[in-house]
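Survey of secondary and tertiary structure
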Amino acid sequence: MDYRSLKHQTSTLFLTIFLLLILGCFASPRKSIRSRRPCKEMVFYFHDIIYNGKNFKNATSVIVGSPAWGNHTILANYNHFGNVVVFDDPITLDNNLHSPPVGRAQGLYIYDKKEIFTSWLGFSFVFNSTAHKGSLNFAGADPLMNKTRDISVIGGTGDFFMDRGVATLMTDSFEGEVYFRLRVDIKLYECW
Amino acid sequence: MDYRSLKHQTSTLFLTIFLLLILGCFASPRKSIRSRRPCKEMVFYFHDIIYNGKNFKNATSVIVGSPAWGNHTILANYNHFGNVVVFDDPITLDNNLHSPPVGRAQGLYIYDKKEIFTSWLGFSFVFNSTAHKGSLNFAGADPLMNKTRDISVIGGTGDFFMDRGVATLMTDSFEGEVYFRLRVDIKLYECW
Amino acid sequence: MDYRSLKHQTSTLFLTIFLLLILGCFASPRKSIRSRRPCKEMVFYFHDIIYNGKNFKNATSVIVGSPAWGNHTILANYNHFGNVVVFDDPITLDNNLHSPPVGRAQGLYIYDKKEIFTSWLGFSFVFNSTAHKGSLNFAGADPLMNKTRDISVIGGTGDFFMDRGVATLMTDSFEGEVYFRLRVDIKLYECW
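Only a predicted model underlies this, so the values are computations on that prediction, with no experimental measurement involved.

**Topic: the overall build of chain A**
Summing up its helical and strand segments, chain A has 1 helix and 9 strands in all. From first element to last, N terminus to C terminus, chain A shows the α and β order α-β-β-β-β-β-β-β-β-β. Buried residues in chain A amount to 58% of all 192 residues. Within chain A, residue pairs in contact and separated by at least 24 positions form 48% of the contacts whose partners lie at least 6 positions apart. Total accessible area on chain A is roughly 8200 Å²; 56% of this is exposed by carbon and sulfur atoms.

This is the structure:
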C-alpha cells in the first residue's frame, strides 16, 4: 500500500462518515430514530368523588355544566352527555383512598357521547411530595368502557420540565356514579 | 507528500468533522435543523349538529354552559359569548355527512368573544377504521370567520404515538346555527 | 511511525467518531442533550375583567358554569369551586390595561379546589401585531395564591409554528373579584 491508496481509503471513509452524519442528524430529524423505550415510568392512582348533594365534605368533583337535575338538556339523561365535571382529586401511590396523597389531579372532564359512557379530559397532576415537585399536563379522549385508554402527556413543569409522553388510564374501581378510582401508567418518552 | 503532511491533513479533517458533529447535533438541537416538510398528511371532515331542542336523534353536540335560553348571562346573546359546547361528531373522508365514519371528533368548544364569532377548541380525533387506530389530540383558537385557522396537534396515541403537528380548519359548509361541517388538513411534523 | 501504525491510528479515530456519532445522535436522542436555554423569550400582560352583571361593556370574561348566583351547586361558594370562566382578554406589552393590545388571550379557566383559590387553564394567545402573527397554545394548573406558577406551552402556529415551552404566570394586580392582571413570562425551548 502506498500513500495514494491510503489517502484514497481515508477519503472514502470520510465521505461515508459525512453521508451518515447528514442522513442521521440532519435529514428528517424527527422521524424513526426515536426510542420507544420510556425515559421515565410512574404509576399513580387518583380518586374522584362526585358531589351528589349530600357528600359535601368528601366530594372532590362537581358537575357544573348541564347536570340532568339542572334541567338544561334532556341529553344529560343519556350517558351524562354534555356533563362538564370539575375535579380536584387526591393522587396516591397505591389504590387506597386514605394513603397520603403525593399531589392533586386538577382539571375537567366532559361526558361526550349519547350512546355510551365516554369522556374527554383536560387536567394536570400537581405534585407536592418529597419525590416529585412540579406538574404534568394531560389531554385526551377517555372511552371509559374500554379496559385501557391512552391519553397524551402534553407538557410538564418543575421536575417534569418540557416532558412529553403517553398515559394509560384504567378504571381500578368504582362505586355507583359517585366514586371512581383510576390507575394511571405514565410513560414519558421525551425527557429534558 | 510525507507522513507528517498526511497526518496533518487527516487531523484537520477530523477536527472539521468533530466541529460539524458538535454544531449540528449537540448545540441548539431543537432549532433550525428541523424539516418543515410534514411526515404525515391527512384530510378529514367532521360534522357538528347542535342540539336545538328538536333534533335529539341527529344531534352530535349540545350547548352546556350558559346558553342564551338558559338565561344565565346576557352575554350569550352576543355571538354566543360564553357558550360551552360538548360534541361527539362523526369524522368522514369526504364532505358527505352520510359517508361511513372513520372515527369520532370528541371534546368541547367555547365561544369566547363578544364582538364576533370566535371559538376555542380542545378535542380529540378517535380513529376506529381499518386505516387508522388511535387518537390525535388538538387545542387552539378557532377564529371561525377566517377562511383558514391553524390549531396545534398536541399529541397522539396508537398509530399516532407521540406525534405533533398543525391542523388547518376550514368551514366547509354550514346551515343556520345547527349544522357545521369542518374540513381539517392535518400535517404532522414530528412523527415517532 | 510506519504505514501500519498510521493506519491503525486512523482506524481507532474512525471508530471513536462512529461511536460518538451513534451515542450522540442516534441513541436516546430526546434525553439530556437538550439546552435549557430558551430559544425565544417574551413578556406579556393580560387583563381579565369578569362580568358581574353591571360591567357589560368592559367585561372580557364570564362565569358560565355553576356560578354561585346560578344556585347550581353550594360548592361554588367555596373558593368558586366548579366555576367555569370563558375569556377573551387583551394582551399588552406593559401593565397598562389601556395600552394598544398586541393580541387576545382566549380560552377558559376553571376554579377547581374547595379549600383555596386554584384554577386550571386551557387557552391561546392569538397575536395580531406587526411584531407577531400566529398563536401559542397553553395548558396547565394555576395555583394562583402562589407568587409564580408554571404552565406548559403545548404548541404554536404561524410565527410560533410547532414551538413548545414553559410560561410563568404572576398575578400582577387585582381588584376585588372583577379585575385580574397577569404577567406572563414565556420561554420557548423548542423552536422550529
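**Some points on the pairing of strand E9 (residues 179-190) of chain A**
All names here are of chain A. Most of E9 is tucked away: 10 of the 12 residues are buried. Judged from the 10 bridges that link them, strand E1 (residues 40-49) and E9 form a sheet pairing that is antiparallel. Counterpart to isoleucine 49 in the pairing with E9 is tyrosine 179. Relative to E9, strand E8 (residues 164-175) runs antiparallel, the two being bridged by 11 bridges. Paired with arginine 164 across the bridge in E9 is glutamate 190. In this structure, the hairpin formed by E8 and E9 is closed by a connection of 3 residues, where glycine 176 is found at a positive phi of approximately 55°.

**Here's the deal with empty space enclosed by the protein**
A full pass over the atoms with the stated rule returns 4 cavities of 30 Å³ or more. By volume, the second largest cavity amounts to about 120 Å³. Residue assignment for the lining of the second largest cavity shows that the elements contributing at least two residues are strand E5 (119-128) and strand E6 (133-142) of chain A, strand E5 (119-128) and strand E6 (133-142) of chain B together with strand E5 (119-128) and strand E6 (133-142) of chain C. Considered class by class, the residues forming the lining of the second largest cavity number 15 nonpolar, 3 polar and no charged.

**Brief notes about the side chain of A:Thr118**
Considering the arrangement of structural elements, one finds A:Thr118 in the loop between strand E4 (103-111) and E5. Given the relative accessible area of 5%, A:Thr118 is considered buried. Every residue in contact with A:Thr118, bar those within four places of it in the chain, is listed here: A:Ile110, A:Tyr111, A:Asp112, A:Lys113, A:Asp142, A:Pro143, A:Leu144 and B:Gln106.

**Here we look at the layout of surface pockets**
All names here are of chain B. The volume enclosed by the largest pocket comes to roughly 630 Å³. Lining the largest pocket are 33 residues; nearest its centre among them are Ile50, Tyr111, Phe117, Glu177 and Phe180. Secondary structure elements with two or more residues in the lining of the largest pocket: strand E1 (40-49), strand E2 (61-65), strand E3 (84-92), strand E4 (103-111), E5, strand E8 (164-175) and strand E9 (179-190). Here the lining of the largest pocket is composed, by residue class, of 20 nonpolar, 8 polar and 5 charged.

**Structural notes on the pairing of strand E2 (residues 61-65) of chain C**
Residue and element names in this part refer to chain C. Burial runs high along E2: 5 of the 5 residues are buried. Across 4 bridges, the pairing between E2 and strand E3 (residues 84-92) is antiparallel. Across the sheet, serine 61 pairs through a bridge with phenylalanine 87, a residue of E3.

**Description of the state of the cysteines**
One covalent bond between the sulfur atoms of two cysteine residues makes up a disulfide. All names here are of chain A. Scanning the model with the defined rule gives 3 disulfides over all chains in all. Between the sulfur of cysteine 39 and that of cysteine 191 lies a disulfide, 2.0 Å long from S to S. Measuring handedness by torsion sign, the sulfur bridge of cysteine 39 and cysteine 191 sits at about 90° and is right-handed. Residue cysteine 39 is found in the loop between helix H1 (3-26) and E1, and its partner cysteine 191 is found in the segment after E9; the two are separated by 152 residues along the sequence. Considered together, cysteine 39 and cysteine 191 belong to a single accessibility category, that of buried residues.

**Description of unusual backbone geometry**
All names here are of chain B. Positive phi values are uncommon outside glycine, yet methionine 162 reaches one of about 70°. Examined against the element boundaries, methionine 162 turns out to sit in the loop between strand E7 (149-158) and E8. On the accessibility criterion, methionine 162 (1% relative accessible area) is buried.

**Section: the confidence of the model for chain A**
Residues and elements named next belong to chain A. When pLDDT is averaged along chain A, the result is 83; 79% of the residues meet or exceed 70. Below a pLDDT of 50 lies the segment residues 25-32, which in the model reaches 24 contacts outside its immediate sequence neighbourhood of four places, other chains included. Across the predicted assembly, pTM comes out at 0.83 and ipTM at 0.80.

**Quick notes on the pattern of salt bridges**
Side chains that carry opposite charge are capable of pairing whenever their charged atoms lie near each other. On inspection of all chains with the given rule, the structure shows 24 salt bridges over all chains. B:Arg164 serves as the salt-bridge partner of C:Glu190, at 3.3 Å between the closest nitrogen and oxygen. Taken together, the residues span two chains, with C:Glu190 in strand E9 (residues 179-190) and B:Arg164 in strand E8. For C:Asp163, the salt bridge goes to C:Lys40, with nearest N and O atoms at 2.7 Å. In this pair, C:Asp163 sits in the loop between strand E7 (149-158) and strand E8 (164-175) while C:Lys40 sits in strand E1 (residues 40-49), placing the two residues 123 residues apart along the sequence. Residue class for C:Lys40 comes out partly exposed when judged on its relative accessible area of 24%. Several salt bridges share partner residues, and in doing so they unite A:Arg164, A:Glu190, B:Arg164, B:Glu190, C:Arg164 and C:Glu190 into one network.

**Details of the packing of aromatic side chains**
Residue and element names in this part refer to chain A. Throughout the structure, instances matching the rule amount to 54 aromatic pairs over all chains. Ring geometry for phenylalanine 87 and phenylalanine 123: centres 5.9 Å apart, planes at 55°, overall tilted. Here phenylalanine 87, found in strand E3 (residues 84-92), pairs with phenylalanine 123, found in strand E5; they are 36 residues apart in sequence, far enough to count as distant. The exposure class of phenylalanine 123 is buried, given its relative accessible area of 0%. Measuring from centroid to centroid gives 5.8 Å for phenylalanine 125 and phenylalanine 127, while their planes differ by 80°, and the two rings are edge-to-face. Put simply, the rings of Phe44, Phe46, Phe87, Tyr109, Tyr111, Phe117, Phe123, Phe125, Phe127, Phe138 and Phe160 pair up and form one aromatic cluster.

Conventions used here
Residues numbered from 1 in each chain as written. Chains lettered and ligands numbered in written order. Predicted model: local features only at pLDDT ≥ 70, side-chain atom pairs only at ≥ 80, totals over all residues. Heavy atoms only, no water. Helix = DSSP H or I, 4+ residues; strand = E, 2+ residues; numbered from the N terminus. Buried < 20%, exposed > 50% of the residue type's maximum accessible area, 1.4 Å probe, protein only. Contact = heavy atoms within 4.5 Å. Areas by Shrake-Rupley, 256 points an atom, 1.4 Å probe, with all protein chains shown as cover. Pairing = 2+ DSSP bridges. 1 Å grid on protein atoms, 1.4 Å probe; cavity = no way out; pocket = protein on both sides within 12 Å on 5 of 7 lines; lining within 4 Å. Points joined across faces, edges and corners; volume = space filled by probe spheres on them. Nonpolar A, V, L, I, M, F, W, Y, C, P; charged D, E, K, R; others polar. Disulfide = S-S within 2.5 Å. pLDDT = per-residue confidence, 0-100. Salt bridge = Lys/Arg side-chain N within 4 Å of Asp/Glu carboxyl O. Phe/Tyr/Trp six-rings, centres within 6.5 Å; stacked < 30°, edge-to-face > 60°.

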